[in-house]
Amino acid sequence: MGVGLRISAATRTAGAVPEAVSWAGGRLALLVGRELFIHGRRLTEPSARRAARVLGSGALHAGAFADFRRQLPGTARWAVDGVEEPADLWRAEAHWWTRVEQDGSALLTGSRLDATPVVGAVALLSTDAWRVRAALESAARGGGPLEAFDALV
């Protein structure tokens, strides 16, 4: 159920927020890649239909991770560029968050009379929340070396 909700949220974002299309595509590539190639779970039919609107059906039917990457559209492929094995998707997620933060900061520059600065502010608040969540989880598990956060920053 949780995966379905995240897929639904990402596809709605891709359709409704033009500034966030590549973020939503990248997020879906990471989420679907993890489900298919790490957990070995197929998506439910409704989730697969939603994800296919952004990722294309070829990616969802790929039998190997390399095929999955090749089938992704450019708006999603960037998130898994350089990832050879599904086990490295966690690093790609950290890269995804870095890009969202950089793009969000760029959206805050200049004067606009549209939703662009709001989208940028939401992106920056989201990246901050992600880091706080990671820090709290680390603290709950007894902490650890700060070097573990280097991959996240």
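The structure this text deals with has already been given above.
Not measured: the values here are computed from a predicted model. (Residues numbered from 1 in each chain as written. Predicted model: local features only at pLDDT ≥ 70, side-chain atom pairs only at ≥ 80, totals over all residues. Heavy atoms only, no water.)

Quick look at the overall build of the chain now. Along its length, the chain carries 8 helices and 0 strands. Across the chain, helices and strands are ordered from the amino to the carboxyl terminus as α-α-α-α-α-α-α-α. Against the 2.2 N^0.38 benchmark of 15 Å for 153 residues, the chain shows a C-alpha radius of gyration of 16 Å, consistent with a compact globule. C-alpha extents for the chain along the principal axes are approximately 45 × 40 × 30 Å. Taken across its 153 residues, the chain has 40% of its residues classed as buried. For the chain, the exposed surface amounts to about 8700 Å²; the carbon and sulfur share of it is 57%. One way to put it: in the chain the 18 positive side-chain charges average out to a point 7 Å from where the 16 negative ones average out. (Helix = DSSP H or I, 4+ residues; strand = E, 2+ residues; numbered from the N terminus. Rg over C-alpha atoms; globule rule 2.2 N^0.38 Å. Buried < 20%, exposed > 50% of the residue type's maximum accessible area, 1.4 Å probe, protein only. Areas by Shrake-Rupley, 256 points an atom, 1.4 Å probe, with all protein chains shown as cover. Lys, Arg positive; Asp, Glu negative; His and termini not counted. Charge placed at Lys NZ, Arg CZ, Asp CG, Glu CD.)

What follows covers the packing of helix 1 (residues 2-16) against helix 2 (residues 21-37). When two helices pack together, their arrangement is given by the angle between their axes and by how far apart the axes lie. The N-to-C vectors of helix 1 and helix 2 enclose an angle of 155°; their axes lie 8 Å apart at closest approach. By the criterion of interaxial angle, the relationship of helix 1 to helix 2 is roughly antiparallel. Handedness of the helix 1/helix 2 crossing: left-handed. Here Val3, Arg6, Ile7, Ala10, Thr11, Thr13 and Ala14 of helix 1 lie close against helix 2, whose contacting residues are Val21, Ala24, Leu28, Leu31, Val32 and Glu35. Grouping the amino acids of the contact of helix 1 with helix 2 by side-chain chemistry returns 9 nonpolar, 2 polar and 2 charged. (Axes fitted to C-alpha atoms, helices over the stretch in contact; angles between N-to-C directions. Parallel < 35°, antiparallel > 145°, perpendicular 65-115°, else oblique. Left-handed = near helix turned anticlockwise from the far one by under 90°. Contact = heavy atoms within 4.5 Å. Nonpolar A, V, L, I, M, F, W, Y, C, P; charged D, E, K, R; others polar.)

This part takes up the pattern of salt bridges. Tallied over the entire structure, the rule returns 9 salt bridges. The shortest N-O distance in the salt bridge between arginine 99 and aspartate 103 comes to 3.1 Å. Pair noted here: arginine 99 and aspartate 103 are both in helix 7 (residues 89-107), with a separation of 4 residues, about one helical turn. One network of salt bridges, with partners in common, ties together Arg27, Arg34 and Glu93. (Salt bridge = Lys/Arg side-chain N within 4 Å of Asp/Glu carboxyl O.)

You can see phenylalanine 65 is positioned in helix 5 (residues 65-71). Phenylalanine 65 sits in the buried class, given a relative accessible area of 6%.

Turning our attention to helix 7. Look at helix 7: 26 Å from first C-alpha to last across 19 residues, which is about the 27 Å you get at 1.5 Å a residue. Within helix 7, burial applies to Leu89, Ala92, Glu93, Ala94, Trp96, Trp97, Val100, Gly104 and Leu107. (Expected span 1.5 Å × (residues − 1).)

Between its terminal C-alpha atoms helix 8 (residues 116-140) stretches 36 Å, which fits the 36 Å expected from 25 residues at 1.5 Å a residue. All of the buried residues along helix 8 are Thr116, Val119, Gly120, Ala123, Leu124, Thr127, Trp130, Ala134 and Ser138. Where helix 8 is buried, its residues touch helix 2 and helix 7. With its phi angle positive at about 95°, glycine 142 sits one or two positions after the end of helix 8.

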